[in-house]
Structures are given as structure tokens and as C-alpha cells.
Amino acid sequence: MKENEQKNTSRTGDFIPDYDHLFEQNDVENKKPKNKGFFGKILMLNKGSIALSILIYLFQMLPVWVTPILTADIINTVVNAIQVGVGVTPALIEYILIRTGIILFLIVLNNPTTIARYRVVSKMNRRTSAGIKASVVRKLQHLSITYHKDIQSGRIQSKFLKDTESIDMLLSNFMNGVLLCIINIIIATAISVYKNGVVALFFLLVIPFNVLLRTFFRKKLRQIYRDYRIKTEDLSAKMSTMLEMLPVTKSHGLEQTEITHFNKTIKALAGSGFEVDKKTANFGSWVYVVNAGLGAICVVFCCFLALQGVIGVGDIILYQSMFNQISNSVTSLTNLIPAIASGTEALNSVSEIMNATDVETSMGKKNIPEIEGNITFDNVSYCYPDGDQDVVHNFNLAVKKGECIAVVGSSGSGKSTLMNLIIGFMMPNSGKIMIDDNSITDLDLSKYRHHISVVPQNSILFTGSIKENITYGIEKYTKKDLDRVVEMANLHEFLKELPDGLETQVGEHGGKLSGGQRQRITIARALIRNPKILILDEATSALDNISEYHVQKAIASSIRGRTTFIVAHRLSTIRDADRIVVMEQGEMVECGTYAELMAKKGKFYKLKELNELNLKTAEQGLA
């Protein structure tokens, strides 16, 4: 079974190309991340497949190009025979039958060549589509947490789902539309020039008329597609927010308010979509009027030439067929402009992700296979990119391996920022963070984080079983490992009440479990990795007293032998910490044991009193 999985993985890896390097920013000064020749680069990478598809297409279209020529020859021969009074002769019958046989053969040939070209083009399109989607996923994984906080998840989903699909359509339209139309125009023009240059020149009038139409509508179409794309992203982002806010909305009876608010966004999108449809229809109707009018003039022109004896009667069919080839191809090209505009805008949209520079890079960084857990903050300061003052300022702290450090302080004091600095989500603007003897800025962060586990304030679970949530990302583990973390996280207390035990489905975001149960599963997930550094970021702040009791028991058993950082909301829970760091406005104002800080009666003492007062007030309110 493992061998089959490896083969499938290898096959998938071979199928999905890496297109990350093809996205480049072409307007750095104006900060407008757009695709820089990405589409052209894709075509160059697939030039072999494109050349093969063109070769097959030439055979596929032979009946379309050759049939009018042979038909015109047959009609001209029959007309000449009638005019000279020759009548039906064996030679004439043979002449007609041979050409009819050729036409039938070419018609039959169209079937296998159509299938062959479809396979070549489809394989190329699917491979390219997979490569673009995989590149976006890789980029999203490498972008920093700061980037993801700054952009709405619904907007990213719209770019990934809708815009990558539009790029797929752009490539499909090029291979099955633009490229084929250009070939048709070239071949039909060549045949017309060969037969009669004057007629061919008249045919070519169709091109400038359509170019003028394209020029007139191009800017308007580009703008309305951009507006439609942005409004689609807005709707997707608001949908994501609406679903997250649903419990709050319903608990306050605000359903109708939310519906009314959402309807405004839907109405704006519908209005933008109407503009897209209106402009596209207007554009398409003018294309039809121009080309149908030129087609009617072509018939009259060819009939006039036939009456003058310049061309044969059968040639009317030939030239009308060639004109229709040119006219239909130009019309198709012109009609594809809205889809091309949409696809180009989608490329620009996806490029906003691919050209984002807030990336965690591991190139040239040190991979440390093991760490002991010694952490040193050396005069560390951090300021958010758009901030004007430090959220952590001149922070110094040396933590020995296995030590438990609690960090307390009011909201906005810098506690969570300190944890993000340890994880590597943020890098110091000044100062150093040393992991053992290595600066965190020199480390391969992805590898470094294999030695860290984080238990956040809000437990994050995905749809699946309890077991799947605990072992997320772990390929090799034993039943003993699983039993150990189940025991340490105190999961037995509620697992025995569940009919399927560890195989119980947790529901979306763990909705089928209580807050305390979800948090203990999160602790088990952290522990099964056997981390050297454990971060508990207000892991009990959102729990009731009973749930907190169980989670605290889980925490007490989990921190032994690990370097542990506890961001605490309830100060009574950190009595046993080796040291307590008190933060205020980004600076450490106190540091010591629980007993030392209480005896000092400084900032921590006041926080503790205020904390207890708030808890009593809350309990009285519940009573």
C-alpha cells in the first residue's frame, strides 16, 4: 500500500509543474503587482505541445480548406462542359468521383485528428492549471502570518477559486480559439491570394474594421471586468465574515440587519455584472453587424466578378467560403476579447499574491536537527510595519532549557507579540533572539518550528476525527505515543462518554465539542510532537471553571522537561512558574517568582488584585 502511495505521489509530482519563478513584478516603483509576461512564458514552456497541436490541426481542418477548392473545380468543370455541349462523359464522371472521394476521405480524417488534438491540448491545459494552483498554494504557505492578517480570507479564496479558473479559461481560449482563428485567417488568405489577389485584398478589409471595434471597446471592457472582479472578491470576503459572525448575529437578533447589509453588496455585484453583460452584448452585436454586412458585400462582389468573367461560377463558392473563414475567425477573435480581458485581469489578481514580498524564506538558512530549548532575548524591539512605536521595546530575558516562564500584563502590553517573536512569525527590528547559540534570523524557520508546539487561546480544529486532529501533520507515530498524549492532555475524562472514542467526528471547527474538550485536544496535538519549546497563549482564558480545571491538569503534566512560555489571563494559574514576567507598554517592568512578586507588592500584585476582583464580579453576575 505504501509503495502505491509513493508511486501516486511521484506521478502527481511529475504532473504538477512549478510555476513560482514565472511570476514577476513588472511595476515595482508604482507598486502595482501584475503578471510580467507570465502567459508568454507559459506558452514557451509548452511550445512542444503547441507545435504538435498546430500540426494536428492542419490535418484536422483539411476538409474545411480543401472542400471549397475541389467543389469550385467540380462546378467550374461542369459549367464548362455544359457551355461547350460536351455532356456527360466517363472522364467527367471520373473527375467528379475522384474529387468527391478526396472530400469524403478528408471528412473522415477529421475524426481521429480532432480527438488527437483534444488530448494534446487538454493534457497541456490541465497540467498548466494544476501548476498555477499549486504555485498559489505554495506561496500562501510561505507568506508571513502578518500578510494573512492583513488580507481577508474570503478575498484569497476568490482569487484561488474564481481567478485561477478564469486563467484556465484564458489558456483554453488561446489554444482552442485565438491560435486556431489565426491559423484559419492565414490559410484562407493564402488560398485567396493564390486564386486571385484582388479578391483577397477585399477580404482583408474585414480585419481593420474589427481592429477598430476592438480598439474602441477594449479600455471599457478592461475596466468593467476589473470592477466586477473586485466586487466579487468583496462579496466572497463578506460571506466569510458573515459565516464567522453568525453566532453573534443570531444571538443579538440581527439576522435582518445582516441580510439588508449583505443585499447591498449583492446588488452592487449584480449592477457590475449587468454592466459587463451590457458592454459585452453591445460589443458582440457590432461585431456581427460589421462582419455580416461585409459578407453580403462579398457575395455581390464575387457575383460581379463572375459576370465579368474574372472568376468562374464555382469560384463564387470558393471565395465565399474563404471569406466566411476569415470573417468568422476575425469575429471569433473579436468576441474572445471580453474573455481575454477577464482572464488577463484574473492573472493580475493572482499576481497580487504571487508578487507579495512578505515571505518567509529558508534559502541559505541553518537547519538545526535538534535544540535544547535555551532562549535569550538580547535588547529586542519590534514595531509593526505600519506602526509608529514599538510594541516590544528593549526586552531582555535569558531562559534556560526546561524553565517555565509566565508572561502577564494588560491587553496591548506586548505578551502575544513576544510569543510571535519566539515562533518566528515576526522578526525583531533591533536586538537578537538566540535559540541555544543560534540567532533566530539565521534559522530555517520551518525546520525550527518542528521543535515548537503552540496552544492558542482559541482552539483550532478541522472537520475530522479527534484522532486526526491530534495527529495532524504527523506521519509516524505509535499507539503508545497516542495513548501517552491522551493521558497527558486528560482526554480520557470525556472520551469514555463518546461512542466512537478517538474516532468521533468533531464537526466543523470542533462545533460538536465543548470549549474545554477542544482545548485539551489542541494540547494533545501540541504534545504528540514532543516539543522542546511549548507556548501556551492564554490557553484557559475562554473556559469556564470546570473546563479550566481539566485543562490546567493537562497543562501541569505537559510542561515537565520542556521550555515553556505561558501567557496567562487568570493569574492564579501560574503560581508554579519558575519566573513571571510582567509586561507594560511593551517593556518588562517586573520579573520573579510568584512569591517574590506578591511580596514586592508592585505591578503584579496590583494585577492580581484586579484579576481577583474581576473574577468575583463575574461570578456574582452569573449568580
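Described in the following lines is the structure provided in the data block. These numbers were taken from a predicted model, which means no experiment stands behind them.

What counts, and where the lines are drawn
- Residues numbered from 1 in each chain as written.
- Predicted model: local features only at pLDDT ≥ 70, side-chain atom pairs only at ≥ 80, totals over all residues.
- Heavy atoms only, no water.
- Core = buried A, V, L, I, M, F, W, Y, C linked by side-chain atoms within 4.5 Å.
- Buried < 20%, exposed > 50% of the residue type's maximum accessible area, 1.4 Å probe, protein only.
- Helix = DSSP H or I, 4+ residues; strand = E, 2+ residues; numbered from the N terminus.
- Contact = heavy atoms within 4.5 Å.
- Patch = residues over 30% accessible without salt bridge, like charges linked within 9 Å, V, L, I, M, F, W, Y side chains within 5 Å.
- Areas by Shrake-Rupley, 256 points an atom, 1.4 Å probe, with all protein chains shown as cover.
- Salt bridge = Lys/Arg side-chain N within 4 Å of Asp/Glu carboxyl O.
- Pairing = 2+ DSSP bridges.
- Axes fitted to C-alpha atoms, helices over the stretch in contact; angles between N-to-C directions.
- Parallel < 35°, antiparallel > 145°, perpendicular 65-115°, else oblique.
- Left-handed = near helix turned anticlockwise from the far one by under 90°.

### With respect to the nonpolar core
Item 1. Core analysis: the largest hydrophobic core is formed by 42 residues, its most contacted members being Phe38, Phe39, Phe174, Met175 and Leu347.
Item 2. A per-element tally of this core places helix α7 (residues 153–195) first, with 13 residues.
Item 3. With near-sequence residues (within four places) excluded, Met175 lies in contact with Ile50, Ser53, Arg117, Val121, Met124, Asn125 and Leu180.
Item 4. In terms of nonpolar packing, the next biggest core, distinct from the first, is built from 36 residues, Val506, Leu513, Ala526 and Phe604 among them.

### Structural notes on a nonpolar patch on the surface
Item 1. Together, Leu52, Leu55, Leu58 and Phe59 line one region of the surface with nonpolar side chains, adding up to about 340 Å² of accessible area.
Item 2. With respect to the element layout, Phe59 can be found in helix α3 (residues 47–60).
Item 3. When its relative accessible area of 42% is taken as the criterion, Phe59 is described as partly exposed.

### Re the pattern of salt bridges
Item 1. Under the defined criterion, the tally for this structure stands at 6 salt bridges.
Item 2. Across the pair Asp227 and Lys231 runs a salt bridge, and its minimum N-O distance is 2.9 Å. Pair noted here: Asp227 and Lys231 are both in helix α9 (residues 206–244), with a separation of 4 residues, about one helical turn.
Item 3. Ionic pairing is found between Lys467 and Glu503, a salt bridge with its closest N-O pair at 3.9 Å. A residue pair is termed long-range when its members are at least 10 positions apart, and Lys467 in helix α16 (residues 466–470) and Glu503 in the loop between α18 (492–495) and α19 (515–527) qualify at 36 residues.

### Examining the sheet that holds strand β9 (residues 579–584)
Item 1. Taken in spatial order, the 6 strands make up an open sheet running β6-β7-β8-β3-β9-β10, and their pairing is mixed. Two strands bound the open sheet, and with one partner strand each, they are β6 (452–455) and β10 (587–592). Averaged over all adjacent pairs, the angle separating strand axes in this sheet is 20 degrees, with direction ignored.
Item 2. Judged from the 5 bridges that link them, strand β3 (residues 404–409) and β9 form a sheet pairing that is parallel. Across the sheet, the residue bridging to Val408 is Val582, located in β9.
Item 3. Strand contacts of helix α14 (residues 415–423): β3, β6, β7 (533–537), β8 (563–567) and β9, with the helix running at about 145 degrees to β3, the strand carrying the most contacts.
Item 4. The strands touched by α19 within the sheet are β6 and β7, with β6 carrying the most contacts at an inclination of about 175 degrees.

### Structural notes on the packing of helix α11 (residues 255–307) against helix α12 (residues 313–335)
Item 1. For the pair α11 and α12, interaxial distance at closest approach is 10 Å and the crossing angle is 165 degrees. Comparing the axis directions of α11 and α12 gives the class roughly antiparallel. Note on packing geometry: the crossing formed by α11 with α12 is right-handed. Taking contact as the criterion, the partners of Phe283, Gly284, Val287, Asn291, Leu294, Gly295, Cys298, Val299, Cys302, Cys303 and Ala306 in α11 are, on α12, Ile316, Tyr319, Gln320, Phe323, Ser327, Thr331, Thr334 and Asn335.

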